[in-house]
Amino acid sequence: MISRRKIKYSVSPTLRQYLYHFDRLRDIPLVYDDLTRFAGSMPYEDPRGKETLWLTVFYPQELMLELRPKLTKIYAELKIGGESDLHEHLTVDRIDFGEFGNSRPFRIRITNLYNDNSDYFYVKQADASRIYGLELEHILSPNRINYLVNGNTLIEEHIAGVPGDVFLRDHLPRPELNKVRIAKEFTKFNERCFIRLLGDMRSVNYVVDITPDFEEVQYRVRPIDFDQQSYERRGKIYLAYRFDSNKTVTKLAFDVLNRKTIDQYVAEEHAQMTRRAKVESTRMKALLGVMRREELAPREHVASLAADLAKYHHTDIFRDCRTMGELTAAHVAHMLEL
């Protein structure tokens, strides 16, 4: 459904001002360009021994000596904030590179030398589309998003969960799976993405957070790829259930939920997103105010998507939208009745 790599959009001065105001802009080391200077690589294998799309990369010793304190400082800034010396016992255990993504990410594995506990964060190329996607997720979803920006470097906290493709392959067929709960959550996830126009939610672009409850198990589907925020020209790109990789969970949802129940869960998600938007109204208005004035997609994408949404909603309110920001603001306002 998506045949070409998305155009990369730089972070404008106005967006940087927004990021500064909401404490996303930090004076962290600019390490992205240095990370691209690796001397060798090998395929990264998952715990089952299967090759992934990631490459574990290696650096000359002198470069690694420079990178290690910068990366541990960034991790401490991301987790603790402010000036801190609480990163001296941390080390960079491994660096992986993902050539497959629009943001060409580096995944940094940080290990605590005192207890061998490890955590991850990501270093990516700063892209305006992705930043808007992260902000809209933070404001409108039940999930908090932790990230920092400086120059062309974007730092993102790791979002924990079972990768969507792995969940659908290994967990969905299990007899003990609560089918109704995962169907309910996927229905809500699909609605969240569509309302704020986050596209390309193939199974590899989200994770499933599984939380044992006192009687049952709770599921939370969380996007991990925000590159396709308000970019693609076709409305179906923003509907997770339309992707072939999600067809098993889509079929499950229609099998175990009737139309009235689906409408109930959709209404619940609308109500919750409306409350979040009202609580964060100042931040939401500031974000959409900046987003409206920016070019985030080719003009023909805006016109095509506006026509698709007008047909879907049976309204002409998108007729005068000239940017993806205007279209996103109009769509959120229309669906949440703001």
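Definitions and cut-offs
Residues numbered from 1 in each chain as written. Predicted model: local features only at pLDDT ≥ 70, side-chain atom pairs only at ≥ 80, totals over all residues. Heavy atoms only, no water. Helix = DSSP H or I, 4+ residues; strand = E, 2+ residues; numbered from the N terminus. Expected span 1.5 Å × (residues − 1). Buried < 20%, exposed > 50% of the residue type's maximum accessible area, 1.4 Å probe, protein only. Pairing = 2+ DSSP bridges. Salt bridge = Lys/Arg side-chain N within 4 Å of Asp/Glu carboxyl O. Contact = heavy atoms within 4.5 Å. Axes fitted to C-alpha atoms, helices over the stretch in contact; angles between N-to-C directions. Phe/Tyr/Trp six-rings, centres within 6.5 Å; stacked < 30°, edge-to-face > 60°. Lys NZ or Arg CZ within 6 Å of the ring centre and 35° of its normal. 1 Å grid on protein atoms, 1.4 Å probe; cavity = no way out; pocket = protein on both sides within 12 Å on 5 of 7 lines; lining within 4 Å. Points joined across faces, edges and corners; volume = space filled by probe spheres on them. Nonpolar A, V, L, I, M, F, W, Y, C, P; charged D, E, K, R; others polar.

Draft legend 1. Helix H11 (residues 324-336), seen in detail. If you check H11, its first and last C-alpha atoms are 18 Å apart, about what 13 residues at 1.5 Å a residue would give, namely 18 Å. Summarising burial for H11: ten of the 13 residues are buried, a large majority. Buried residues of H11: Met324, Gly325, Leu327, Thr328, Ala329, Ala330, His331, Val332, Met335 and Leu336, and no others. Downstream of H11 by a residue or two, Glu337 has a phi angle that is positive, lying close to 55°.

Draft legend 2. View of the pairing of strand S2 (residues 51-58). Pairing between strand S1 (residues 40-45) and S2: five bridges, direction antiparallel. Considered in S2, the bridge of Ser41 is made with Val57. Joining the antiparallel neighbours S1 and S2 is a turn of five residues, in which Gly49 adopts a positive phi near 85°. Both S2 and strand S3 (residues 90-97) contribute to a ladder of two bridges, which runs antiparallel. Following the sheet pairing, Thr56 is matched in S3 by Asp96.

Draft legend 3. Representation of the pattern of salt bridges in the model. One pass over the structure, following the stated rule, counts 28 salt bridges. Salt bridges linked by common partners bring Lys124, Arg130, Glu156, Asp225 and Asp227 together as one network.

Draft legend 4. Structural view of the side chain of His138. Within the fold, His138 resides in helix H4 (residues 128-140). Residue classification places His138 among the buried positions, given a relative accessible area of 12%. Setting aside residues up to four positions removed in sequence, His138 forms contacts with Arg24, Asn143, Arg144, Ile145 and Arg283.

Draft legend 5. Quick peek at the sheet that holds S3. With antiparallel pairing, the seven strands of this open sheet are ordered in space as S1-S2-S3-S4-S5-S7-S6. Both outer strands of the open sheet, S1 and strand S6 (147-150), are each paired with one neighbouring strand and no more. Within this sheet the neighbouring strands show an average axis-to-axis angle of 30°, counted without direction. Looking at chain direction, S3 and strand S4 (residues 106-112) are connected through seven bridges and run antiparallel. For Phe97, the partnering residue across the bridge sits in S4 and is Phe106.

Draft legend 6. View of unusual backbone geometry. Residues other than glycine seldom take positive phi values, yet Asp23 does so here, at roughly 65°. Classification of Asp23 by relative accessible area gives partly exposed; the value is 45%. With phi around 50°, Ser230 is a residue other than glycine that occupies positive phi space. Position of Ser230 among the secondary structure elements: in the loop between strand S10 (217-223) and helix H7 (247-256).

Draft legend 7. Representation of the packing of aromatic side chains in the model. Counting across every chain of the model gives 13 aromatic pairs. The residue whose ring lies beneath Lys6 is Tyr231, and the NZ or CZ to ring-centre distance is 5.4 Å. Positioned above the aromatic ring of Trp54 is the side chain of Arg107, whose terminal nitrogen or guanidinium carbon lies 4.3 Å from the ring centre.

Draft legend 8. Highlighting the layout of surface pockets. Within this model, the largest pocket holds a volume of roughly 1,600 Å³. If you go around the largest pocket, you meet 49 residues; those closest to its centre are Trp54, Phe100, Pro163, Val204 and Ile224. Counting residues per element, the ones that place at least two in the lining of the largest pocket are S2, strand S5 (118-125), strand S7 (153-157), helix H5 (164-171) and strand S9 (206-212). What the second largest pocket holds in volume is close to 370 Å³. Taken together, 16 residues make up the lining of the second largest pocket; nearest its centre are Asn190, Glu191, Tyr241, Arg259 and Ile262. Looking at the lining of the second largest pocket, the elements with two or more residues in it are helix H6 (179-195), H7, helix H8 (259-279) and helix H10 (299-313). Take the lining of the second largest pocket: its biggest share by element is five residues, from H6. Of the residues assigned to the lining of the second largest pocket, the class counts are ten nonpolar, four polar and two charged.

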